[in-house]
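# Results of the structural survey
Residues per chain are reported as follows:
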Amino acid sequence: MRFARFKRGLCLKTVDSCFQDLKDSRLVEETFTVDEVTDMLDGLRTVVHSEVESELINTTYTNVLLLRQLFAQAEKWYLKLQTDVSDLENRELLEQVAEFEKLEFTSSNKKPSADHIKPKLAPLNDGGSELLNKTVACLQEENEKLKTRLKTIETQATAALDEKSRLEKSLKDLQMIQGDQKLNANQDITELENKVAALKCQFEKTLNDSTANQKFLEENLVTTKHDLLKVQDQLSIAEKELEKKFQQTAAYRNMKEILTKKNEQIKDLRKRLSK
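## Some details on the overall build of the protein chain
- Looking only at helices and strands, the protein chain features six helices and zero strands.
- Traced from its N-terminal end to its C-terminal end, the protein chain shows the element sequence α-α-α-α-α-α.
- Nonlocal contacts in the protein chain, meaning residues at least 24 apart in sequence, comprise 74% of its contacts between residues at least 6 apart.
- When the accessible surface of the protein chain is summed, it comes to about 23,500 Å², and 55% of that surface belongs to carbon and sulfur atoms.

## Brief notes about the pattern of salt bridges
- With the rule as written, the count across this model stands at three salt bridges.
- Here Asp42 makes a salt bridge to Arg45, at a shortest N to O gap of 3.9 Å. Here the residue Asp42 and the residue Arg45 both occupy positions in helix α2 (residues 34-76), the gap between them amounting to three residues, near one helical turn.
- For Asp42, a relative accessible area of 35% corresponds to the partly exposed category.
- As a salt-bridge pair, Glu163 and Arg166 come within 2.3 Å of each other at their nearest N and O atoms. Placement of both Glu163 and Arg166 in helix α4 (residues 130-209) is noted, with a separation of three residues, approximately one turn of the helix.
- Under the relative-accessibility criterion, Glu163 is labelled partly exposed at 23%.

## Some points on the packing of helix α1 (residues 2-25) against helix α3 (residues 91-106)
- Between α1 and α3, the shortest axis-to-axis distance is 12 Å and the interhelical angle comes to 90°. Here α1 lies roughly perpendicular to α3, going by the angle between them. Each of Arg2, Arg5 and Arg8 in α1 lies in contact with α3, whose residues at this interface are Glu101, Glu104 and Phe105.
- Partitioning the contact of α1 with α3 into residue classes produces one nonpolar, no polar and five charged.

## Describing the packing of α1 against α2
- α2 packs onto α1 with a crossing angle of 165° between their chain directions and a minimal axis gap of 10 Å. As judged from the angle between their axes, α1 and α2 are roughly antiparallel. In this structure, α1 crosses over α2, and the sense of that crossing is right-handed. Taken together, the residues of α2 that come into contact with α1 (itself represented by Phe3, Lys7, Cys11, Thr14, Val15, Cys18, Phe19 and Leu22) are Met40, Leu44, Val47, Val48, Glu51, Val52, Glu55, Asn58 and Thr62.
- Among the residues making up the contact of α1 with α2, the classes are represented as 11 nonpolar, three polar and three charged.

Parameters at a glance
Residues numbered from 1 in each chain as written. Predicted model: local features only at pLDDT ≥ 70, side-chain atom pairs only at ≥ 80, totals over all residues. Heavy atoms only, no water. Helix = DSSP H or I, 4+ residues; strand = E, 2+ residues; numbered from the N terminus. Contact = heavy atoms within 4.5 Å. Areas by Shrake-Rupley, 256 points an atom, 1.4 Å probe, with all protein chains shown as cover. Salt bridge = Lys/Arg side-chain N within 4 Å of Asp/Glu carboxyl O. Buried < 20%, exposed > 50% of the residue type's maximum accessible area, 1.4 Å probe, protein only. Axes fitted to C-alpha atoms, helices over the stretch in contact; angles between N-to-C directions. Parallel < 35°, antiparallel > 145°, perpendicular 65-115°, else oblique. Nonpolar A, V, L, I, M, F, W, Y, C, P; charged D, E, K, R; others polar. Left-handed = near helix turned anticlockwise from the far one by under 90°.

So this is what it looks like as structure tokens:
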């Protein structure tokens, strides 16, 4: 405020000196023509215009430098500044500033009483910024905690994925065992079919050699076919029962429950990571 008042006083003195120079240099005669008065006023207007413009530009640049210092300090201490441009033209606030200036400088030569001494803000230095330093330290500590928590969640997710891979491999091994059992059953059926084929060949050979045993062989063939169908039905039933028993085993159910739980854990961890 004092600096602005000082600069304003210099500007007014410069304007006064312009008028005084005009008086001293041009107003030496008692009468002047209209053209002479116009010429003097135009010259005075040019000089005053130049001085006022220069002072306004200087004031603007000075305010910019002041704001730059404030913004640099705010950026250093991670402060967020907000401005309301409409307050710059608020007549009531401007009058309050004028009243403050008047009271401040009219009483500057008087010794202030103890009742009228107003407390001043502490400077923004290492001592006055203790609370701000604590806030920054707290935020940094919270950031480190979040980083540690994120690493823990990532580790848990990796472990869950490894467990899922292991369980999937175990399930594939069980399925391979079940496939081998089905292959053995198919091999038994193939052997029976081969036996039937051999019996058929033997029957045909015997039929060619002797017609006497034809009926007996035909009956034997029919019986063998019936037995084959029964065996095939039994094998099919046994295969279904085997698959059903395998699905009802505790190992299969436990494996299925573990996979289901691990999938749910992985989904939950992914949701937490996305948050």
